[in-house]
Protein chains: 2
Amino acid sequence: MSPDASPVSVNTPVTLREVAAAAGVSVATASKALNGQGRMTAETRERIRETARHLGFRPNSLAQSLLRKRSFTVGLLTNDTYGRFSLPLMAGVSDALVDKGVSVFLCNVEDDTRLGQLHVEAMLDKRVDGIIATGKRIDRHLPVDLSNLRIPVIYAFTQPDAGAVGLVSDDAGGARLAVEHFLRLGRRRIAHVSGPASFAVVHARAEAYRDVLKENGLAVSEPLLGAWSEAWGHEAVEKLFGSAGREGWPDAIFCGNDQIARGVIDALRERGIRVPDDVGVIGFDNWEIVAEATRPPLTSVDMNLSTLGREAGLALLSLVDGQPAAPGIRKLPCRLVVRQSCGSPPE
Amino acid sequence: MSPDASPVSVNTPVTLREVAAAAGVSVATASKALNGQGRMTAETRERIRETARHLGFRPNSLAQSLLRKRSFTVGLLTNDTYGRFSLPLMAGVSDALVDKGVSVFLCNVEDDTRLGQLHVEAMLDKRVDGIIATGKRIDRHLPVDLSNLRIPVIYAFTQPDAGAVGLVSDDAGGARLAVEHFLRLGRRRIAHVSGPASFAVVHARAEAYRDVLKENGLAVSEPLLGAWSEAWGHEAVEKLFGSAGREGWPDAIFCGNDQIARGVIDALRERGIRVPDDVGVIGFDNWEIVAEATRPPLTSVDMNLSTLGREAGLALLSLVDGQPAAPGIRKLPCRLVVRQSCGSPPE
DNA sequence: CGGCCCTGAGAAAACCTTTTCCCAATCCGC
DNA sequence: GCGGATTGGGAAAAGGTTTTCTCAGGGCCG
């Protein structure tokens, strides 16, 4: 009577037992038919498969996981509430894992040890195959101890525990990209405005900045360290362009993040200094929503977080599969996204 | 020999069988002891519990789920890649569920039907107890059909399917908060600059804006619709303050989001118009990173997404528990976060 | 024609926990 | 001291799948 004999969504999931019954075989045979295991006539196999398809059979992952001791599930732990860094990373992780049938539990632990403990225990109880730890800065630990977990852990964009596998962006390399881009464009008086000295990346980037300038025989002006904010960008422009005579002004500013760069660009405009004609500006993070709203749109260093996430996902998977991985920190290259805040190279 | 007899992290999880053996009882008794079921001497119960604690026993969720037909797992489906709306919502969901032992699979399906299908099937295979669908705008469906799923679905901040349960922010109410705030401060010539006409929220907010003004016998100027960008904010200021004589200028601007507001504030400053002295500005979304960076910091309508998420989580849970829920869309109130872009009320 | 091997398929254990019955022993009142 | 109720605890099934072992039958070689 039913108008269609196609797979209908019944009220309760169809089990292997039902498939087997419908196909007139045992569950063992049915299982083997669907998994390509065991020996049987091609005809039997196909008949079972057809039955399964028709019934809309989907194996119960819970039962499979229980038996195989693999849940095809991983946990992503973060303390990056706004997801500025975690979400691109998560996208990469998810992308790497989705077609292997692995799903991701996302847990934000804020900076709360108790919450972290709670989430980690929930994950362990759910028998996740592994955990990826990530955060909002690479020189701080998550507020939770993952060091004796009996499941693999990968640290991505957060400080790894000793002896663990960590993936981070190559901040020095990213800074290098920025400064060398300025050089190629003929800029020579390059300033660096960055975040608080308490961040390791601030020093990594500043050092690369110095290195590149020295390698090219150029004067190094001391990086200006402040906050990760627009306001600090304004202040820094004040410092850079306030006192010195025009000839002492920089013709390029490499900023520690996009918000600083935004502040810098706005402050320059307010002073009547043209970007990119008088001064080129490069940001860091390539936070599109900011970089595309600056006037002009901001050239910025992208940390390739999504790639980082994908690599982390793949690394975790190979760890889960029992392949040993060399502990230590692996740095992944950044890339420069060129927009309009640096001008064109001289003809 | 071992220096400590405290629970050590062994290589393989300890099972109930092991606890039972160690305590000299059957698994049945052990199970009942730990769950507070069955009858036994208080002493036996405590001994088993102590054994379990000492061994670091944690029940295998997979086995429990298989039996109880509840996985204590839900899926959060979104197409909001940057998580601007999804993440606060996720935080609320997670917060509502974590201490009930429920974990959340986060899946970003972009706008890709194939990807959506893939993720939904993965979730169903993993036997999630329910799904929360969310997105980046409330008048569009996710690119995936969740209407015949045999598990409960809650739509939060996305367009629900017919007959489903949906939770959204009360945009009209939020707009009302903003305009009434202006009125309380003595502002009378209130303009509205919003996003594209293709968004339902644009109309909802605009209508509330008109209503409040009419209710107060004030002139309604037609809302200016454009884009959700800073650039449009600039343009709108041009339109509002470009031609008319000074006496025709608004003394307040209610903006459709914080980025527009940011553009408006910047454009006003560039024209030498003071905020909040000459013109008050209110944004929408309360995107802190933007609202706090404007000069002055932006008063903005917060959609309480985290509350929305918590409500969605609780609603899903009660659905999972079999409590029927009234289908239809429930609107949750917004709140106004007052910063410095509107000034103080007249004494 | 007999023994051996191969083929196709099923029975059953295993994964880990919960829960329903069931049983033996103890206790109570009479 | 005896019948019945209660108490403390165990055996076993269930949940859905995978995998190993086993087995019956048929073909082939000698």
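As a convention, each chain's residues are numbered from 1 in the sequence order in which they are written. Both sets of labels track the order of writing: A upward for chains, 1 upward for ligands. Whole-chain, interface and lining totals are the exception, using all residues; otherwise, since this is a predicted model, local features are given only for residues with pLDDT of at least 70 and side-chain atom pairs are given and counted only at 80 or more. Values shown for side chains rest on all heavy atoms present in the structure; no hydrogens or waters enter the calculation.

1. Quick word on the overall build of chain A
Point 1. Numbering of helices and strands runs from the N terminus, with a helix taken as a DSSP run of H or I at least four residues long and a strand as a DSSP run of E at least two residues long. Scanning chain A for helices and strands turns up twelve helices and twelve strands.
Point 2. A compact globule built from 347 residues would reach a C-alpha radius of gyration of about 20 Å, whereas chain A, at 27 Å, exceeds it by more than 25%.
Point 3. Relative accessibility under 20% of the residue-type maximum defines a buried residue, over 50% an exposed one, and the middle range a partly exposed one, all with a 1.4 Å probe and only protein chains included. The buried share among the 347 residues of chain A stands at 53%.
Point 4. Counting contacts in chain A only where the partners sit at least 6 residues apart, residues at least 24 apart contribute 70% of the total.
Point 5. Entry remark: accessible area of chain A is about 15,400 Å², with carbon and sulfur atoms responsible for 52%.
Point 6. Neither His nor the chain ends is counted toward charge; the positive residues are Lys and Arg and the negative residues Asp and Glu. Taken as the charge centre is NZ of Lys, CZ of Arg, CG of Asp or CD of Glu, depending on the residue. Taken together, the 40 basic and 41 acidic charged side chains of chain A have centroids lying 5 Å from each other. Just to be clear, the radius of gyration here is over C-alpha atoms, and the globule rule we use is 2.2 Å times residues to the power 0.38. By definition, residues are in contact when any of their heavy atoms lie within 4.5 Å. What sets the accessible areas is the Shrake-Rupley method with a 1.4 Å probe; for residues, cover comes only from the shown protein chains.

2. What about the domain arrangement of chain A?
Point 1. Per the domain assignment, the segments of chain A are domain 1 (16-59), domain 2 (71-169 + 305-334) and domain 3 (171-302).
Point 2. Domain start and stop points were drawn from an automatic or database domain assignment. Here the C-alpha centre of domain 3 of chain A lies 64 Å away from the C-alpha centre of domain 1 of chain A.

3. Topic: the interface of chain A and chain B
By convention, interface size is frequently given as the accessible area that disappears when the constituent parts associate.
Point 1. In this complex, chain A contributes 50 residues to the contact, which on the side of chain B involves 50 residues.
Point 2. Defined in terms of a 1.4 Å probe, buried area is the accessible area two parts forfeit on being brought together, summed over both. Interface area, chain A with chain B, both sides summed: about 4,500 Å², of which 55% is carbon and sulfur.
Point 3. Per-residue buried area on chain A facing chain B is highest for Leu-62, Lys-126 and Arg-127 of chain A; these three make up 14% of the total on that side.
Point 4. Here, a salt bridge means any side-chain nitrogen of Lys or Arg that lies within 4 Å of a carboxyl oxygen of Asp or Glu. Taken together, the links from chain A to chain B amount to twelve salt bridges.
Point 5. In this structure, the salt-bridge partner of Glu-270 of chain A is Arg-269 of chain B, at a minimum N-O distance of 3.9 Å.

4. Things to note about the packing of aromatic side chains
Point 1. The pairing test for Phe, Tyr and Trp rings, Trp by its six-membered ring, is centres within 6.5 Å, and the orientation test on the planes gives stacked under 30 degrees, edge-to-face over 60, and tilted for anything in between. Scanning all chains against the criterion turns up ten aromatic pairs over all chains.
Point 2. Seen in terms of ring centroids, Phe-85 of chain A and Phe-157 of chain A are 5.1 Å apart; in terms of plane orientation they differ by 40°. Their pairing is tilted. With a gap of 72 residues between them, Phe-85 of chain A in the loop between strand S1 (73-78) and helix H5 (86-98) and Phe-157 of chain A in the loop between strand S4 (153-156) and strand S5 (165-169) connect regions that are remote in the sequence.
Point 3. Assessed through its relative accessible area of 13%, Phe-85 of chain A is described here as buried.
Point 4. Judged by centre distance (6.2 Å) and plane angle (45°), the ring pair of Phe-254 of chain A and Phe-284 of chain A falls under tilted. One end of the pair, Phe-254 of chain A, is in strand S8 (residues 252-255); the other, Phe-284 of chain A, is in strand S9 (residues 280-284), and 30 residues separate them in sequence.
Point 5. Classification of Phe-254 of chain A by relative accessible area gives buried; the value is 0%.
Point 6. When its relative accessible area of 0% is taken as the criterion, Phe-284 of chain A is described as buried.
Point 7. Note that Arg-137 of chain A overlies the ring of Phe-199 of chain A, its terminal NZ or CZ placed 3.5 Å from the centroid.
Point 8. Above the ring of Trp-287 of chain B, the side-chain terminus of Arg-84 of chain B is found at 3.9 Å from the ring centroid. Each ring is checked for a lysine NZ or an arginine CZ that lies within 6 Å of its centre and within 35 degrees of its normal; such an atom marks a charge sitting over the ring.

5. Describing the sheet that holds strand S7 (residues 224-225) of chain A
Residue and element names in this part refer to chain A.
Point 1. On the basis of which strands lie adjacent, the open sheet formed by six strands has the order S7-S6-S8-S9-S10-S12 and mixed pairing. Of all strands in the sheet, those with a lone pairing partner are S7 and strand S12 (335-337), marking the two edges.
Point 2. Strand pairing follows a simple DSSP-based rule, namely that at least 2 bridges must link the two strands. Two strands pair when backbone bridges link them, and strand S6 (residues 190-194) and S7 are joined in this way by two bridges, in the parallel orientation. The residue bridging Ser-194 from the neighbouring strand is Leu-225, located in S7.
Point 3. To obtain each axis, a line is fitted to C-alpha atoms, and for helices this fit is confined to the stretch in contact; angles are then taken between N-to-C directions over 0 to 180 degrees. Against the sheet, helix H10 (residues 258-270) makes contact with S6, S8, S9 and strand S10 (299-302), and its axis sits at roughly 155° relative to S9, the strand it touches most.

6. Considerations on the packing of helix H1 (residues 16-23) of chain A against helix H2 (residues 27-35) of chain A
Two measures define how a pair of helices packs: the angle their axes make with one another and the distance between the axes.
All names here are of chain A.
Point 1. It is the contact of H1 with H2, at a shortest axis distance of 8 Å, that shows an interaxial angle of 100°. Taken as axis vectors, H1 and H2 run roughly perpendicular relative to one another. Contact residues: H1 offers Leu-16, Arg-17 and Ala-20, while H2 offers Val-27, Ala-30, Ser-31 and Leu-34.
Point 2. For the contact of H1 with H2, the class distribution of residues is five nonpolar, one polar and one charged. An angle below 35 degrees is treated as roughly parallel, one above 145 as roughly antiparallel, one from 65 to 115 as roughly perpendicular, and anything else as oblique. Classes in brief: Ala, Val, Leu, Ile, Met, Phe, Trp, Tyr, Cys and Pro nonpolar; Asp, Glu, Lys and Arg charged; the others, Gly included, polar.

7. What about the pattern of salt bridges?
Point 1. One pass over the full model with this rule turns up 50 salt bridges over all chains.
Point 2. In this structure, the salt-bridge partner of Arg-176 of chain A is Glu-215 of chain A, at a minimum N-O distance of 2.7 Å. Separated by 39 residues along the polypeptide, Arg-176 of chain A in helix H7 (residues 171-184) and Glu-215 of chain A in helix H8 (residues 200-215) bring together distant segments of the chain.
Point 3. Owing to a relative accessible area of 25%, Arg-176 of chain A belongs among the partly exposed residues under this scheme.
Point 4. The shortest N-O distance in the salt bridge between Arg-262 of chain A and Asp-266 of chain B comes to 3.2 Å. In this pair, Arg-262 of chain A sits in helix H10 while Asp-266 of chain B sits in helix H10 (residues 258-270), so the two residues belong to two different chains.
Point 5. Classification of Arg-262 of chain A by relative accessible area gives buried; the value is 4%.
Point 6. It is possible to trace a salt-bridge network through shared partners that takes in Glu-230, Arg-262, Asp-266, Arg-269, Glu-270 and Arg-295 of chain A together with Glu-230, Arg-262, Asp-266, Arg-269, Glu-270 and Arg-295 of chain B.

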